[in-house]
Amino acid sequence: MHRICATLVKAGFELILVGRELPDSLPLTDRPYQQHRINCKYHAGKRFYWEYNQKLTAYLKKAKPDIINSVDLDTLWAGRRAAKAVRAKLVFDAHEYFHETPEVVDRPMVRWIWRQVGERLIPQTDARYTVGPALAQELSETYQLPFEVIRNMPYRQVSRMEKSLVDPPVLLYQGMLNKGRGLDLAIAALTQLPNWQLWIAGRGDLEEDFRRSALQLGVNDRISWLGFVRPKDLPEITRQAHLGLNLLSADSPSYYYSLANKTYDYIQQGVPAIHMDFPEYRRIQEIHGGVLLLNEFSVAELVNLISSVDVETPAYDQLRQQCLTAARSLNWEAEEEKLVRLYESL
């Protein structure tokens, strides 16, 4: 979101980024645009969604913007109400296939409700975009509307070929600690990978479960729980890793069609990463390399794949070089022009 906002400001838009404040939220940092946080009494469940959307609607009506960008379905109801009230254009930014996410897909009634929200509100938007070609095609077929592709790539950085000096070698996970993201597999895999450590950068609703599991399995001493990391600090952490992790359950169509932000973060820092053998990650492997594909969402397969990687060999150096070469074209500077054209068309 910070990259998107900074790009639009640079293009001449006046912008406000609206989010919510949690009990453990870090202080806001200065940005070239305004920022506003909504404070809610509830933080999960139906009451939260109702409270947040009511407060968000009221704020947007008061702000009277010309364009409202709703990120995912859980803000689109408020975005549509406010856009209609102040006669603003409405943009839908789909970061995921919302009614097919792991938290929703196995709950028939909740899934049906979110699908109805999408079918009713998405046709009322003025423009739509999402994170990758596979998801764009799926959403376009579902809603019979065009979706542009704006990939969530990091800024271009000066990459280095030198290996990390961290020992033992590091597996890195960055992102939310939620269902279906393979952290349970990674923690269990450590029991059979005595020469590896795991760094986890992020927070989420299953963090305590993962911490208990690590203690029970006797591997917590080889796990670094980094919590939320500021975007400006994440590259330095990432470039110390030997392998990145992006493990996703195929039970969720949202994950199957995903193109996770961390994919390009790993590439930009020259870190080969393990991804599921899903369409977008296979596409990157075929075009650029630097990607290891996991055929099965299981501890045994993950252990086998990691065990096959020797960070002291020319084969590993080749993987790193493939990442560094791909980083020259897979960056935000090469992607942001499409975003600007979309908003200027409104």
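Residues numbered from 1 in each chain as written. Predicted model: local features only at pLDDT ≥ 70, side-chain atom pairs only at ≥ 80, totals over all residues. Heavy atoms only, no water.

K.L.:
Please provide a residue-by-residue account of the overall build of the chain, values included.
P.N.:
Helix and strand counts for the chain stand at 15 helices and 12 strands. Out of the 346 residues belonging to the chain, those deemed buried represent 48%. Partitioning the contacts of the chain with sequence separation of at least 6, the portion at a separation of at least 24 is 66%. With the model as given, the accessible surface of the chain reaches about 17,000 Å², and the carbon-plus-sulfur share is 50%. Each charge class in the chain can be summarised by its mean position, and for the 42 positive and 43 negative side chains these summaries are 8 Å apart. (Helix = DSSP H or I, 4+ residues; strand = E, 2+ residues; numbered from the N terminus. Buried < 20%, exposed > 50% of the residue type's maximum accessible area, 1.4 Å probe, protein only. Contact = heavy atoms within 4.5 Å. Areas by Shrake-Rupley, 256 points an atom, 1.4 Å probe, with all protein chains shown as cover. Lys, Arg positive; Asp, Glu negative; His and termini not counted. Charge placed at Lys NZ, Arg CZ, Asp CG, Glu CD.)

K.L.:
Would you mind going over the packing of aromatic side chains in detail, with residue names and values included?
P.N.:
The description of an aromatic ring pair uses the distance of the two centres, along with the angle that the planes make with each other. Summed over the entire model, instances satisfying the criterion amount to 9 aromatic pairs. Seen in terms of ring centroids, phenylalanine 48 and tyrosine 52 are 5.7 Å apart; in terms of plane orientation they differ by 25°. Their pairing is stacked. Here phenylalanine 48 pairs with tyrosine 52, and both are found in helix H2 (residues 45–63), just 4 residues apart, close to one helical turn. For the pair shown, phenylalanine 48 and tyrosine 52 are each scored as buried. Relative to phenylalanine 147, the ring of phenylalanine 92 lies with its centre 6.4 Å away and its plane at 75°, an arrangement referred to as edge-to-face. Of the two residues, phenylalanine 92 is situated in strand E4 (residues 89–94) and phenylalanine 147 in the loop between helix H6 (133–143) and strand E6 (148–149); the sequence distance between them amounts to 55 residues. Here the aromatic residues Phe48, Tyr49, Tyr52 and Trp114 are joined through ring pairs into a cluster of three or more. (Phe/Tyr/Trp six-rings, centres within 6.5 Å; stacked < 30°, edge-to-face > 60°.)

K.L.:
Residue-level account of the sheet that holds strand E3 (residues 67–71), with values.
P.N.:
Ordered by their spatial adjacency, 4 strands build an open sheet running E3-E4-E5-E6, and the pairing between neighbours is parallel. Each edge of the open sheet carries a strand with a single partner, namely E3 and E6. Against the sheet, H6 contacts E4, strand E5 (127–130) and E6, and its axis sits at roughly 140° relative to E5. (Pairing = 2+ DSSP bridges. Axes fitted to C-alpha atoms, helices over the stretch in contact; angles between N-to-C directions.)

K.L.:
Account for the nonpolar core, naming residues and giving values.
P.N.:
By size, the foremost hydrophobic cluster in this structure holds 48 residues, and its most contacted members are Leu198, Ile223 and Ile274. Looking at which element gives the most residues to this core, the answer is helix H7 (residues 183–189), with 5 residues. Not counting residues up to four positions away in its chain, the partners in contact with leucine 198 are Leu171, Ala186, Ile187, Leu190, Arg222, Ile223, Ser224 and Leu245. Counting residues in hydrophobic clusters, the runner-up holds 29 residues, among them Leu56, Ala88, Ala94 and Tyr143. (Core = buried A, V, L, I, M, F, W, Y, C linked by side-chain atoms within 4.5 Å.)

K.L.:
Tell me about the environment of threonine 263, and name the residues and values.
P.N.:
Structurally, threonine 263 is set in helix H11 (residues 261–268). The exposure class of threonine 263 is buried, given its relative accessible area of 0%. Through-space distance from the C-alpha of threonine 263 to that of glycine 244 is 8.5 Å; in sequence the pair is 19 residues apart. Contacts of threonine 263, omitting those with residues within four sequence positions, involve Asn246, His275, Tyr281 and Ile284. Among the polar contacts made by the side chain of threonine 263, one reaches the main-chain carbonyl oxygen of alanine 260 at a distance of 2.9 Å. (Polar contact = N/O pair within 3.5 Å; in protein donor to acceptor, adjacent residues only side chain to side chain.)

K.L.:
Describe empty space enclosed by the protein, and please don't skip the residues or the numbers.
P.N.:
Following the criterion strictly, the structure yields 1 cavity of 30 Å³ or more and no others. Counted as a void, the largest cavity has a volume near 40 Å³. Contributing to the lining of the largest cavity are Leu73, Phe92, Ala94, Glu96, Tyr97, Phe98, His99, Leu139 and Tyr143. Elements with a minimum of two residues in the lining of the largest cavity: E4 and H6. A class-by-class count of the residues in the lining of the largest cavity yields 7 nonpolar, 1 polar and 1 charged. (1 Å grid on protein atoms, 1.4 Å probe; cavity = no way out; pocket = protein on both sides within 12 Å on 5 of 7 lines; lining within 4 Å. Points joined across faces, edges and corners; volume = space filled by probe spheres on them. Nonpolar A, V, L, I, M, F, W, Y, C, P; charged D, E, K, R; others polar.)

K.L.:
How would you summarise the pattern of salt bridges if you had to cite specific residues and measurements?
P.N.:
Side-chain pairing between opposite charges can occur once the charged atoms of the two side chains come close. Counting across every chain of the model gives 15 salt bridges. The salt bridge partner of glutamate 100 is arginine 111, with a shortest N-O separation of 2.7 Å. Here glutamate 100 is found in the loop between E4 and helix H4 (102–105), whereas its partner arginine 111 is found in helix H5 (residues 108–121), with 11 residues between them in sequence. Looking at glutamate 100, the relative accessible area reads 6%, which means it is buried. Taking the relative accessible area as the measure of exposure, arginine 111 reaches 30% and is therefore partly exposed. Linking glutamate 207 and arginine 203 is a salt bridge whose minimum nitrogen-to-oxygen distance equals 2.5 Å. Accessibility expressed as a relative area gives 7% for glutamate 207, which makes it buried. (Salt bridge = Lys/Arg side-chain N within 4 Å of Asp/Glu carboxyl O.)

K.L.:
Before we move on, could you go through the sheet that holds strand E9 (residues 223–227) and cite the residues and values that matter?
P.N.:
Strand order in the open sheet formed by 6 strands is E9-E8-E7-E10-E11-E12, with parallel pairing between adjacent strands. The open sheet has two edge strands with one neighbour each: E9 and strand E12 (291–294). Adjacent strand axes in the sheet meet at a mean angle of 25°, parallel and antiparallel pairs treated alike. Pairing between strand E11 (residues 273–276) and E12: 4 bridges, direction parallel. In the strand pairing of E12, methionine 276 is matched with leucine 294. With respect to the sheet, helix H13 (residues 299–307) is in contact with strand E7 (170–174), strand E10 (243–246), E11 and E12, its orientation differing from that of E12 by roughly 155°.

K.L.:
Residue-level account of the confidence of the model for the chain, with values.
P.N.:
For the chain, per-residue confidence averages 93 on the pLDDT scale, and 98% of positions sit at 70 or higher. The lowest-confidence element of the chain is H4, averaging 80 in pLDDT; the highest-confidence one is strand E8 (residues 197–201), averaging 98. (pLDDT = per-residue confidence, 0-100.)

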